[in-house]
Structures are given as C-alpha cells and as structure tokens.
Amino acid sequence: MPDAETQLSLDVDGTKVSAAYARPEEPWATVVVAHGAGAGMEHPFLRGFTQALNALGLATLRFNFPYREAGRRFPDRPPAAIATWRAAMVEAAGQIAAHGGSGPVWAAGKSFGGRMASMAVADGMPADGLIYLGYPLHPPGKLEKLRDEHLYGLTTPMLFLQGTRDTFATPEILEGVVSRIGPSAVLQWMEGGDHSFAVAGQKRQADEVGASLAAPVAEFIRASSNQAPGIR
C-alpha cells in the first residue's frame, strides 16, 4: 500500500501551486521532487518514483511549477522556478519540524525540474544533495548550447541518473562535465534508457519506470547523508 499523501498548497510570491507530501513511519530522509517541462506533478513517472521512495523509508514532497498549475505549456523562467523550489524546500522543512523528525533534505527533479533545482542551489538554496533524473545538458542536436556553467560552483553531493540513449545529454560531453564538477558528482548510466528512461523492447508503464530509479537514488542518499550540511 502506498503511503497516504497530504495535499498541500505552496505560496510562491502570491501564486498558489499544488504539492503532495507523503511520509512513511520514521523516514530517514526527505526528497523534494520537481516535474519536467512537459508534465506536472501527477505524471505517473513521478508518482511511481515517489511511492517507491516511500517504500524505502523516505518522505517525499512533489510540487507543480506555476506555469503547470496555470495550464500553460511554456516553462517558467528561472527566477520563478527558483522561487518555487525555495517554497517547496521550506515546506519540506516545515513538515519535518511539525512531525518532530530530522534527517537530510534532498532536491530531485526530472529534466527541467532537476536543472532548476541545481540553479536554485547555485543561487543559495540550502539542500543536502541533488538528484538529476535525466539532466538536460543541451537541446537535442545542439551540442554547443550547454547548460552547465552554474554546476561547477556546486559542492553538494550530486547524482546524475542518465539514459544512454538520452538525446539531451551526449555521453562523452556529460562525462566531461561530471568530471570537471569534481568528486561530489556521480554519474550513473541507465543502459538503453532515453530521456524518459524508456528502454526499447521493454514494455513498462511510466510508473514502473519511475519506480525503478528509486533504489539507486536511495542508495546514493544513504551513502552521502553525512557528507553535506543542510536544512532541517
């Protein structure tokens, strides 16, 4: 049985966005999760991912960016997305305090959501670590338009989970970026996965695909949990 979710509303500079918090008994960490550019927090991929994390003992908080809440298709600009990330992390810390809990708080996101998390941390948002579920390093076929500059100043633990067939991250280029970030960053390839982690020839529903990423994420968080200060 999935853990029951509490439906929440976050205030982002006067704009309300939806969020959902799930907390297993005595969680050892919390993961705040943002959606990608083309789908909101209710996408089966994110539901499967967060429910699998809950089963592994982690609390989760999913949320919408304002553009998705308003039904718009074009993603928010970074200032609005970063403000939303800050509101989500504050809410997560508040939920931990309200339940008398503790433990690290990590920021995770699918594609756009993960990139905006990294920009928020680069802008000073506290987080114990970052999880990228398919980092959009460059637009497909446009290898010269890298989205990497802000990553090199980050020292928090980072896990890049990336499909080997992801057209948003050429393997050689991403490997170079992760190497330049330094020892705080780890790249884990998901063999055959595309940008949505679908593998050709494998018929899996989106929730199953999302759930399959929970174990490596939980393992990385547990291994890194004592390495970086963060919010409580």
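Residues numbered from 1 in each chain as written. Predicted model: local features only at pLDDT ≥ 70, side-chain atom pairs only at ≥ 80, totals over all residues. Heavy atoms only, no water.

Engineer: Now, about the side chain of His 138: what can you tell me, with residues and values included?
Structural biologist: When you line up the elements, His 138 lands in the loop between β6 (129–133) and β7 (158–163). Take His 138: its relative accessible area is 0%, and that puts it in the buried class. Beyond its immediate stretch of four places on either side in the chain, His 138 contacts Leu 143, Lys 145, Leu 146, Arg 147, Thr 167, Phe 168, Ala 169 and Thr 170. (Helix = DSSP H or I, 4+ residues; strand = E, 2+ residues; numbered from the N terminus. Buried < 20%, exposed > 50% of the residue type's maximum accessible area, 1.4 Å probe, protein only. Contact = heavy atoms within 4.5 Å.)

Engineer: Describe the packing of aromatic side chains, with residues and values.
Structural biologist: Evaluated as defined, the whole model comprises nine aromatic pairs. For the ring pair Phe 63 and Phe 65, a centre distance of 5.3 Å and an interplane angle of 75° mean the geometry is edge-to-face. For the pair shown, Phe 63 and Phe 65 are each scored as buried. Aromatic side chains Tyr 135 and Phe 160 sit 5.8 Å apart centroid to centroid with 65° between the ring planes, which places their arrangement in the edge-to-face category. Remark: Phe 160 occurs in strand β7 and Tyr 135 occurs in the loop between β6 and β7; sequence separation between them is 25 residues. Residue classification places Phe 160 among the buried residues on the basis of a relative accessible area of 0%. The ring of Trp 28 has Arg 222 lying over it, and the distance from NZ or CZ to the ring centre is 3.9 Å. (Phe/Tyr/Trp six-rings, centres within 6.5 Å; stacked < 30°, edge-to-face > 60°. Lys NZ or Arg CZ within 6 Å of the ring centre and 35° of its normal.)

Engineer: Just give me the short version of helix α3 (residues 78–98), but keep the residues and values in it.
Structural biologist: Between its terminal C-alpha atoms α3 stretches 30 Å, which fits the 30 Å expected from 21 residues at 1.5 Å a residue. Taken as a whole, α3 has its buried residues at Ala 81, Ile 82, Ala 83, Thr 84, Trp 85, Ala 87, Ala 88, Met 89, Ala 92, Ala 93, Gln 95 and Ile 96. Directly beyond the C-terminal end of α3, a positive phi value near 65° is found at Gly 100. (Expected span 1.5 Å × (residues − 1).)

Engineer: An account of the nonpolar core is requested, with residue identities and associated values reported.
Structural biologist: Formed by 46 residues in total, the largest nonpolar core has its most connected members in Val 32, Leu 61, Phe 63, Phe 65, Trp 85 and Phe 160. The greatest single-element share of this core, amounting to nine residues, is contributed by α3. Among all residues touching Phe 160, those that are not within four sequence positions of it are Tyr 132, Tyr 135, Leu 151, Leu 174, Val 178, Ile 181, Ala 185, Val 186, Leu 187 and Gln 188. Counting residues in each nonpolar core, the second largest holds 24 residues, with Val 33, Ala 52, Ala 108 and Leu 159 among its members. (Core = buried A, V, L, I, M, F, W, Y, C linked by side-chain atoms within 4.5 Å.)

Engineer: Break down helix α4 (residues 112–122) for me, citing the residues and quoting the values.
Structural biologist: Taking burial as the measure, the 11 residues of α4 include nine buried ones, the bulk of the element. Those residues of α4 not exposed but buried are Phe 112, Gly 113, Gly 114, Met 116, Ala 117, Ser 118, Met 119, Ala 120 and Val 121. As for α4, its buried residues are in contact with β3 (29–34), α2 (66–69), α3, β5 (105–110) and β6. Residue Gly 124 follows α4 closely and has a positive phi angle near 110°.

Engineer: A description of the UniProt feature "domain: KANL3/Tex30 alpha/beta hydrolase-like" (unreviewed entry) in the protein should follow, citing residues and the corresponding values.
Structural biologist: Mapped onto the present numbering, the UniProt feature "domain: KANL3/Tex30 alpha/beta hydrolase-like" (unreviewed entry) falls on residues 29–220. Secondary structure across residues 29–220 divides into 38% helix and 18% strand, with the first and last C-alpha atoms of the span separated by 12 Å. (UniProt positions renumbered as here; feature names shortened; annotations may be inferred.)

Engineer: Kindly report on the side chain of Ser 224, identifying the contributing residues and their values.
Structural biologist: Along the polypeptide, Ser 224 turns up in helix α7 (residues 214–224). According to the relative accessible area criterion, Ser 224 is buried, its value standing at 5%. Within polar-contact distance, the side chain of Ser 224 engages the backbone oxygen of Phe 220 at 3.0 Å. Residues within four places of Ser 224 in sequence aside, it is in contact with Trp 106 and Pro 157. (Polar contact = N/O pair within 3.5 Å; in protein donor to acceptor, adjacent residues only side chain to side chain.)

Engineer: Summarise the pairing of β7; cite the residues concerned and give the values.
Structural biologist: Counting buried positions along β7 gives six out of six residues, so the element sits mostly inside the fold. Burial along β7 is two-sided: the face carrying Met 158, Phe 160 and Gln 162 and the face carrying Leu 159, Leu 161 and Gly 163 are both buried. Summarising the sheet, β6 and β7 pair through four bridges and their orientation is parallel. Bridge pairing in β7 places Leu 130 opposite Met 158. Pairing geometry for β7 and strand β8 (residues 185–190), over six bridges, is parallel. (Pairing = 2+ DSSP bridges.)

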